[in-house]
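Observations on the three-dimensional arrangement
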Amino acid sequence: MDKFKKVRLNILGLSYSQTQSGAYALVLAEEEGDRRIPIIIGGIEAQSIAIKLEGLEPPRPLTHDLFYNFAATFDIQITEVVIYKLEEGIFFSELVCIHNSEETRIDSRTSDAVALALRFDCPIYTYEDIIEKAGIVLEVSKKEASKSKTQGKPITKYEKKSIAELQELLDEAISNEEYEKASEIRDEINKRDREEEK
């Protein structure tokens, strides 16, 4: 086994942390394999990741959006995110940036790095030895994986609303920066769209 072999990761989803109150588990999955890496992150970073996964647009830029806008203005690209170290349960990451054809690596918290990877549409990597240490194998069906992206909550309270009412509620939730609520409403709208297509 080459412990320095890079392994590409995809975002499987977010769920409430069972171990820490107010925290979330970000689950990353190796692209070509069954191992998953659960990473405990804070609520703000989870929200920033969730709204990108859900395709929601906040009325004002969040911190990670501001970073993206700043970098784009000065022609700085993040080409990849690398989770390069695991020490005492903490994952260390770096942003690989390009500016004027020069590569720079910037240390980052993993939650921030993943939120930025979504905005820059760049790949996330780790090394074989890290996924060997921290990876777990979970039998997750596609249905469960898609459910975990939206915190796994069943949606019932919006079922009796019309599409127009749901759209109005969605706009209001985004405007009030209630992204978890917006995510639930968006799921209900998407569910209706899928049912109409059948």
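What counts and what doesn't
Numbers given for residues are sequential positions, taken from 1 along each chain in its written order. With the structure being a predicted model, the display of local features is reserved for residues of pLDDT at least 70 and the display and counting of side-chain atom pairs for 80 or more, all residues being used for whole-chain, interface and lining totals. Side-chain numbers come from the whole structure's heavy atoms, not from hydrogens or water. Patches were defined on residues exceeding 30% relative accessible area and lacking a salt bridge, with like-charge contacts within 9 Å and nonpolar side-chain contacts (Val, Leu, Ile, Met, Phe, Trp, Tyr) within 5 Å. All accessibility values rest on the Shrake-Rupley procedure with a 1.4 Å probe; residue burial counts only the protein chains present in the view. In the sections that follow, a salt bridge refers to a side-chain nitrogen of Lys or Arg positioned within 4 Å of a carboxyl oxygen of Asp or Glu. Under the counting rule used here, the positive set is Lys and Arg, the negative set is Asp and Glu, and His together with the chain ends is not counted. Lysine's charge is taken at NZ, arginine's at CZ, aspartate's at CG and glutamate's at CD. Counting from the N terminus, the helices are DSSP H or I runs at least four residues long and the strands are E runs at least two residues long. In what follows, a contact means two residues having at least one pair of non-hydrogen atoms within 4.5 Å. In this analysis, strands are considered paired if DSSP registers two or more bridges between them. Relative accessible area decides the class of each residue, using a 1.4 Å probe on protein chains only: under 20% of the type maximum gives buried, over 50% gives exposed, and in between gives partly exposed. Simply put, an axis is a line fit to the C-alpha atoms, just over the touching stretch for a helix, and the angle between two N-to-C directions goes from 0 to 180 degrees. Any angle that is under 35 degrees is reported as roughly parallel, and any over 145 degrees as roughly antiparallel; angles of 65 to 115 degrees are reported as roughly perpendicular and all others as oblique. In this scheme, a crossing is called left-handed if the near helix is turned counterclockwise away from the far one by less than a right angle; it is called right-handed if the turn is clockwise. By nonpolar core we mean a set of buried residues, namely Ala, Val, Leu, Ile, Met, Phe, Trp, Tyr and Cys, connected to one another through side-chain atoms within 4.5 Å.

Together, Glu165, Glu168, Asp171, Glu172 and Glu178 make up a negatively charged patch on the protein surface. By the element assignment, glutamate 168 lies in helix H6 (residues 163–175).

Turning our attention to the environment of cysteine 97. Structurally, the position occupied by cysteine 97 is in strand S5 (residues 90–99). With 26 residues separating them along the chain, cysteine 97 and alanine 71 place their C-alpha atoms 9.7 Å apart. Once you skip the residues sitting within four places of it in the chain, cysteine 97 turns out to touch Ile76, Gln77, Ile78, Glu102, Glu103, Thr104 and Ile106.

Let us now look at the sheet that holds strand S7 (residues 124–127). If you walk across this open sheet you meet the eight strands as S6-S5-S4-S7-S1-S2-S3-S8, and the pairing is mixed. Where the open sheet ends on each side, the last strands, each with one partner, are strand S6 (102–109) and strand S8 (136–137). In this structure, strand S4 (residues 77–87) lies alongside S5, joined through nine bridges in antiparallel fashion. Looking at the pairing, isoleucine 83 lines up with serine 93 of S5.

Here the idea is simple: oppositely charged side chains can pair when their charged atoms come close. The final tally for this structure, using the stated rule, is 11 salt bridges. One salt bridge in this structure joins arginine 105 and glutamate 103, with 3.5 Å as the shortest N-O distance. When its relative accessible area of 47% is taken as the criterion, glutamate 103 is described as partly exposed. Counted as one network, the salt bridges with shared partners bring together Glu30, Arg35, Glu128 and Glu132.

With that settled, consider unusual backbone geometry. Within the chain, serine 101 stands out as a residue other than glycine whose phi angle is a positive 65°. Here serine 101 lies in the loop between S5 and S6. Residue classification places serine 101 among the exposed residues on the basis of a relative accessible area of 75%.

As a packed pair, H6 and helix H7 (residues 179–197) sit with axes 8 Å apart at the nearest point and diverge in direction by 155°. When the interaxial angle is binned, H6 and H7 end up roughly antiparallel. In the packing of H6 onto H7, the handedness of the crossing is left-handed. For the pair H6 and H7, contact is made by Ile163, Leu166, Gln167, Leu169, Leu170, Ala173 and Ile174 and by Tyr179, Lys181, Ala182, Ile185, Arg186, Glu188, Ile189 and Arg192, respectively.

This part covers the side chain of glutamate 45. Along the polypeptide, glutamate 45 turns up in helix H1 (residues 43–53). A relative accessible area of 11% places glutamate 45 in the buried class. Ignoring any residue separated from it by four or fewer positions in sequence, one finds glutamate 45 in contact with Arg109, Ser111 and Asp112.

Nonpolar side chains in soluble globular proteins tend to be buried together. Counting 31 residues, the largest nonpolar core has Leu26, Ile41, Ile78, Val81 and Ile124 as the members making the most contacts within it. Mapped onto this core, the elements with two or more residues apiece are strand S1 (6–16), strand S2 (24–30), strand S3 (35–41), H1, S4, S5, helix H3 (110–120) and helix H4 (128–134). It is H3 that provides the largest number of residues to this core, a total of six residues. Here leucine 26 is in contact with Ile11, Gly13, Leu14, Ile37, Pro38, Ile39, Ile41, Ile49 and Val114, once residues within four sequence places are set aside. Tyr158, Leu170, Ile185 and Ile189 belong to the second largest nonpolar core, which has 13 residues in total.

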